[in-house]
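# Residue-level structure breakdown
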Amino acid sequence: MKPLLLAAIALTLSASAFAAAPAVRAPLREYDILRAFPPGRLAALSAGDIPDEKGFTGSNRAHGSWVESGPQRGSCRGVIAAVVAGDLAAADNAWRGIDVAFSHQRADGGFESKPAANGKISSDFGANVETAYFFLQELGRALLVIAESPHAAHFKDRIAVLKPKVRRAADYINSGYDTIIPKVGHSVNRVIIAAKAFGTCGVFLGDEKLVAQSKKLIAHAITLRDQEGVFIENGGRDSSYNVVSILFGSVLALHVPLPEFEAVLPAAVRWQLTRVLPNGEVDVNGNTRTGVGKEPDAFGKAKTVNYKEVVLALTIYGLIHKDDAALAAAERVFAYSEKKGITTK
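On a predicted model such as this, the values are computed, not experimentally measured, just so you know.

Quick look at the packing of aromatic side chains now. Counting across every chain of the model gives nine aromatic pairs. Between Y177 and F198, the ring centres sit 5.7 Å apart and the planes meet at 80°, which makes this aromatic pair edge-to-face. Residue Y177 is located in helix 9 (residues 177-184), and its partner F198 is located in helix 10 (residues 188-205); the two are separated by 21 residues in the primary sequence. Like F198, Y177 is buried. In this structure an aromatic cluster arises from ring pairing among F102, F111 and F135.

Written as structure tokens, this is what we have:
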């Protein structure tokens, strides 16, 4: 009887483990998800991502000069939106920001840094790794979306030239992997942003070691949630940065299978939906970082909710998971931000 009893127990445990395993959804391509956006929405959300005459985006553009690599991620978003729209002239225009970024690449694979308006400079190794992965997480994504699109041939030659530069940049952030969690572990969205850089660049480069680093960071990010599944920011909840974690993790999961991460997203989204008021405004009451004057940006101004990322996160999540509540909330937030003329990063 004993062998039969052990076999029965083993079968029960095996069945329980199988039942507890995260469901794996059917593979989806980000290009197709972005093409499914409501007409005009992606273009509107990307309007601020066009490089200026110097090729600068984000806070580099606001400064009027090169500060660091991270702000150039906007040009990558501009490329993505143009590729999805099939506007190759606009994509070429946005690509200037990528070329400008790599014109500031150092021999070690990292990027030059200059003081920002607040006097801070990302020349310290950990900070320099951080600004580099902020750029690379959108660059790697752009390169993968291009590969999924019908327009890959248009970019073939420039991507061939770019690839060894991306290789050096990816090796640089990997050399600083051990600095990431100690530096940004209090801010889970940045852990996920780093994971997105390793994952998307790893897929682009065909480097499974980089992808494995991405998965390690995601596994850590999963632990940085409160008892109700909301992503922790500076010891509490934040209705802007919780959505950043949802957004960047959801996008990464379109390129790197992350069933365990996707399994925890519904709880974070559920709370996020309670932060969207009927008129589309995002509630900031109780926030630990944004909208309540607790944290300054590079120019010393208090950080506010990034409405663009709220709309993007809820739209992408809603389309991937066929979540009507998320899509309806995205519609309200988008309408509110358009009506208010809220500028986004």
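Moving on from the model shown.
Inspection of the secondary structure assignment puts P51 in the loop between helix 3 (41-45) and helix 4 (58-63). You can call P51 buried: its relative accessible area is 6%. It is 14 Å that separates the C-alpha atoms of P51 and G70, two residues lying 19 residues apart in sequence.

Before going further, it helps to spend a moment on the nonpolar core. Counting residues in each nonpolar core, the largest one holds 100 residues, and the members touching the most others are W95, Y133, L139, V166, I173 and F231. Per-element tally for this core: the top contributor is helix 7 (residues 125-148), with 12 residues. Non-local contacts of V166, meaning those with residues more than four positions away in its chain, are made with F102, L139, L143, C201, F204 and L205.

At N234, a position not held by glycine, the phi torsion is positive, near 55°. Note that N234 resides in the loop between helix 11 (208-223) and helix 12 (241-253). Exposure remark for N234: the relative accessible area of 46% places this residue in the partly exposed category. Positive phi is not limited to glycine here, since K322 has a value of about 55°. Within the fold, K322 resides in the loop between helix 14 (307-321) and helix 15 (324-340). With a relative accessible area of 71%, K322 lands in the exposed category.

Cut-offs and rules
Starting afresh in each chain, residues are numbered from 1 along the sequence in its written order. At least 70 in pLDDT is required for a residue's local features to be given in this predicted model, at least 80 for side-chain atom pairs to be given and counted, and no such filter applies to totals for whole chains, interfaces and linings, which use all residues. The side-chain quantities take in all heavy atoms of the structure and omit both hydrogens and water. Stacked, tilted and edge-to-face are the three classes assigned to paired rings of Phe, Tyr and Trp, where Trp is represented by its six-membered ring and a pair needs centres within 6.5 Å; plane angles under 30 degrees give stacked, over 60 edge-to-face, the rest tilted. The helix and strand labels rest on DSSP assignments: H or I over at least four residues marks a helix, E over at least two residues marks a strand, and numbering proceeds from the N terminus. Remark: exposure states derive from per-residue accessible area (1.4 Å probe, protein chains only) relative to the maximum for the residue type, with buried under 20%, exposed over 50%, and partly exposed in between. The term nonpolar core refers to a set of buried residues drawn from Ala, Val, Leu, Ile, Met, Phe, Trp, Tyr and Cys, joined through side-chain atoms within 4.5 Å. Contact between two residues is taken to exist if any of their heavy atoms lie within 4.5 Å; hydrogens are not considered.

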